[in-house]
Amino acid sequence: MRKNLAPKGKRPATKRVVSAGGVVLRGSPPEVLVVTLRGGRVVTLPKGQVEPGERYPETAVREVREETGVEAAVLAPLRKVRYYFTIRDEGTPVTVAKEVHYFLMAYRGGEPRPQLSEVEAAFFLPVEEALRRLSYANEREMLKRALLRFK
């Protein structure tokens, strides 16, 4: 059961965040591009917030390039996922409703180099290892979906 963290009689504050990211695959057998956070404890796919006027595929390409230094092209949409988490904003709990639009992306060039202000490391992993190491079930599912469409 989830507790209501708002003061009695007040609704909890909410914030909506929309992001886009990619499952960047290269090679045969394929490898997938990942980034790490929190001292390497979190392994995730590159993604970031949509900027005003930007389309989701444009965001995915930009975020992959910014976070990892890798150039990639969108091949197909995969799916969007939604999840919720709570942060504190000046001591007040805020529920964040996050929506992420994922795309199958093809590697076009560049060597992974992390954008240190956003991620700690960026590198390619063999798919089987990525399926074991990705921290979030919804991202493992995105990788599986991408593999079904990757030629």
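Residues numbered from 1 in each chain as written. Predicted model: local features only at pLDDT ≥ 70, side-chain atom pairs only at ≥ 80, totals over all residues. Heavy atoms only, no water.

Engineer: Explain the overall build of the protein residue by residue, including any values.
Structural biologist: When helices and strands are tallied, the protein shows 3 helices and 7 strands. Relative to the compact-globule value of 15 Å for 151 residues, the protein shows a C-alpha radius of gyration of 17 Å, a close match. Along the longest, intermediate and shortest principal axes, the C-alpha atoms of the protein span 55 × 35 × 30 Å. Counting only residues that meet the buried cut, the protein has 41% of its 151 residues in that class. Partitioning the intrachain contacts of the protein with sequence separation of at least 6 by distance along the chain shows that 70% fall at a separation of at least 24. When the accessible area of the protein is evaluated, it comes to approximately 9000 Å², of which 50% is carbon and sulfur surface. (Helix = DSSP H or I, 4+ residues; strand = E, 2+ residues; numbered from the N terminus. Rg over C-alpha atoms; globule rule 2.2 N^0.38 Å. Buried < 20%, exposed > 50% of the residue type's maximum accessible area, 1.4 Å probe, protein only. Contact = heavy atoms within 4.5 Å. Areas by Shrake-Rupley, 256 points an atom, 1.4 Å probe, with all protein chains shown as cover.)

Engineer: How would you sum up the pattern of salt bridges? Please name residues and give values.
Structural biologist: Per the counting criterion, the structure on display carries 11 salt bridges. A salt bridge links Glu54 to Arg62, with the nearest nitrogen and oxygen atoms 2.6 Å apart. In this structure, Glu54 and Arg62 share a single accessibility class: buried. Between Glu71 and Arg65 there is a salt bridge, and its shortest N-O distance comes to 3.2 Å. A relative accessible area of 34% places Glu71 in the partly exposed class. Among the charged side chains, a salt-bridge network with shared partners connects Glu51, Glu54, Arg62, Glu63 and Glu66. (Salt bridge = Lys/Arg side-chain N within 4 Å of Asp/Glu carboxyl O.)

Engineer: Run through the environment of Val42, naming residues and quoting values.
Structural biologist: Note that Val42 resides in strand β3 (residues 42-44). The spacing of Val42 and Val17 is 25 residues in sequence and 20 Å in space, taken between C-alpha atoms. Residues contacting Val42, with those up to four places away along its chain left out, are Val35, Thr36, Leu37, Ser135 and Tyr136.

Engineer: Lay out the pairing of strand β6 (residues 92-109) with the relevant residues and their values.
Structural biologist: Most of β6 sits inside the fold, with 14 of its 18 residues counted as buried. Bridging between strand β5 (residues 71-89) and β6 involves 17 bridges; their strand directions are antiparallel. Counted as the bridge partner of Ile87 is Val94 from β6. (Pairing = 2+ DSSP bridges.)

Engineer: If you had to explain the side chain of Glu99 to someone new, which residues and values would you point to?
Structural biologist: Along the polypeptide, Glu99 turns up in strand β6. Among the residues examined, Glu99 registers a relative accessible area of 5% and is labelled buried. One polar contact links Glu99 to Arg82, side chain to side chain, over a distance of 3.0 Å. Reaching out from Glu99, the side chain makes a polar contact with the side chain of His101 at a distance of 2.8 Å. Setting aside chain neighbours within four positions, we find Glu99 in contact with Arg16, Val17, Val18, Ser19, Tyr56, Lys80, Val81 and Arg82. (Polar contact = N/O pair within 3.5 Å; in protein donor to acceptor, adjacent residues only side chain to side chain.)

Engineer: Break down the packing of aromatic side chains for me, with residues and values.
Structural biologist: For the structure on display, the rule yields 2 aromatic pairs. A cation over an aromatic ring shows up here: Arg26 above the ring of Tyr107, its NZ or CZ 5.2 Å from the ring centre. In this arrangement the basic side chain of Arg26 is found over the ring face of Phe124, its NZ or CZ atom lying 3.7 Å from the centre. (Phe/Tyr/Trp six-rings, centres within 6.5 Å; stacked < 30°, edge-to-face > 60°. Lys NZ or Arg CZ within 6 Å of the ring centre and 35° of its normal.)

Engineer: So what's going on with the environment of Arg133? Residues and values would help.
Structural biologist: Locating Arg133 in the fold gives a position in helix α2 (residues 127-133). For the pair Arg133 and Val42, spaced 91 residues apart in the sequence, the C-alpha separation amounts to 8.6 Å. Excluding residues within four positions of it along the chain, Arg133 makes contact with Val43, Phe123 and Leu125.

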